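This is what each chain is made of:
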Amino acid sequence: SGGSRLMTSPGGQELRKPITGLPLGTMAPDVELFRINGDRTTLEEARSDKPTALIFWMSRNKFSRTGVPQLVDALEPFGQECAMILIGAGESVDTVRNMVKRNEAFAGSFVDRAHLASDAFGVKGVFSVVLIDHEGKVSDVAIGQDPRLILSTTNKMKALIAAAGAARKNDE
């Protein structure tokens, strides 16, 4: 996991700040996302108010090449209950297209050639997962090559899905 440290917001509220990334509990920025065919969407449209795993990857990073397929497989059983958004950080359209051809786990990846999305979330250079709750708040940031990242992210997503379900029941 990425680790965190305690910090205080301007309003005096304590927030957990990942060592890399946005402070936990802050609203996720609604970045523009680009598909390999040139279509654009926003993070909000892609998330559609579901718990979301933003999965940033780089083709040159070995853990991205192995970790993305493992994480996609681990989160696949949650189906429609969560969103998985894969983002090729710093990657060209051709590189993203080639990754999809080599491994279908990368299918649907967005292109972040200029690092606009990764910079907005404060993730740099390695395989990174940002979890966003159903309200759109950053709930966890996991960075790098920790072998526990897949299991930890899967367990945290289960908790986010359960919280979203409880919130829906309370709204009814």
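Residues numbered from 1 in each chain as written. Predicted model: local features only at pLDDT ≥ 70, side-chain atom pairs only at ≥ 80, totals over all residues. Heavy atoms only, no water.

Draft legend 1. Spatial organisation of the nonpolar core. Membership of the largest hydrophobic core comes to 25 residues, with the highest contact counts inside it found for Val68, Phe127, Val129 and Met157. Breaking this core down by element, the ones donating at least two residues are strand E5 (52–57), helix H2 (62–75), helix H3 (93–102), strand E8 (128–132) and helix H5 (149–171). Not counting residues within four places of it along the chain, the set of residues in contact with Val68 comprises Ile55, Trp57, Phe63, Leu86, Ala105, Phe106 and Phe127. Core analysis: the second largest hydrophobic core is formed by 20 residues, Ala28, Ala117, Phe121 and Val130 among them. (Core = buried A, V, L, I, M, F, W, Y, C linked by side-chain atoms within 4.5 Å. Buried < 20%, exposed > 50% of the residue type's maximum accessible area, 1.4 Å probe, protein only. Helix = DSSP H or I, 4+ residues; strand = E, 2+ residues; numbered from the N terminus. Contact = heavy atoms within 4.5 Å.)

Draft legend 2. How the structure looks around the pattern of salt bridges. Throughout the structure, instances matching the rule amount to seven salt bridges. Its salt-bridge partner being Arg47, residue Asp49 comes within 3.9 Å of it at the nearest N-O pair. Owing to a relative accessible area of 1%, Arg47 belongs among the buried residues under this scheme. Three or more residues are tied together by salt bridges with common partners; here these are Glu44, Arg47 and Asp49. (Salt bridge = Lys/Arg side-chain N within 4 Å of Asp/Glu carboxyl O.)

Draft legend 3. Examining the packing of aromatic side chains more closely. Counted by the stated rule, this structure contains three aromatic pairs. Seen in terms of ring centroids, Phe63 and Phe127 are 5.3 Å apart; in terms of plane orientation they differ by 70°. Their pairing is edge-to-face. With Phe63 in helix H2 and Phe127 in the loop between helix H4 (116–121) and E8, this pair connects stretches of sequence that are 64 residues apart. With relative accessibility at 13%, the residue Phe63 sits in the buried group. Phe127 sits in the buried class, given a relative accessible area of 0%. (Phe/Tyr/Trp six-rings, centres within 6.5 Å; stacked < 30°, edge-to-face > 60°.)

Draft legend 4. The sheet that holds strand E6 (residues 83–89), seen in detail. The strand order across the open sheet formed by seven strands is E4-E3-E7-E6-E5-E8-E9, and the pairing between neighbours is mixed. On the outer flanks of this sheet lie strand E4 (40–42) and strand E9 (138–143), each paired with one strand and no other. Strand-to-strand, the axes of this sheet are offset by a mean angle of 30°, without reference to chain direction. Of the strands in this sheet, E5, E8 and E9 touch H5, which is tilted by about 10° from E8. (Pairing = 2+ DSSP bridges. Axes fitted to C-alpha atoms, helices over the stretch in contact; angles between N-to-C directions.)

Draft legend 5. Molecular detail of the packing of H2 against H5. Look at H2 against H5: their axes get within 10 Å of each other, and the N-to-C directions meet at 30°. With respect to H5, the axis of H2 lies roughly parallel. You can see that H2 and H5 cross each other, and the crossing is right-handed. Contacts between H2 and H5 pair Gly67, Gln70, Leu71, Ala74 and Leu75 from the former with Ile150, Thr153, Thr154 and Met157 from the latter. Split by residue class, the contact of H2 with H5 holds five nonpolar, four polar and no charged. (Parallel < 35°, antiparallel > 145°, perpendicular 65-115°, else oblique. Left-handed = near helix turned anticlockwise from the far one by under 90°. Nonpolar A, V, L, I, M, F, W, Y, C, P; charged D, E, K, R; others polar.)

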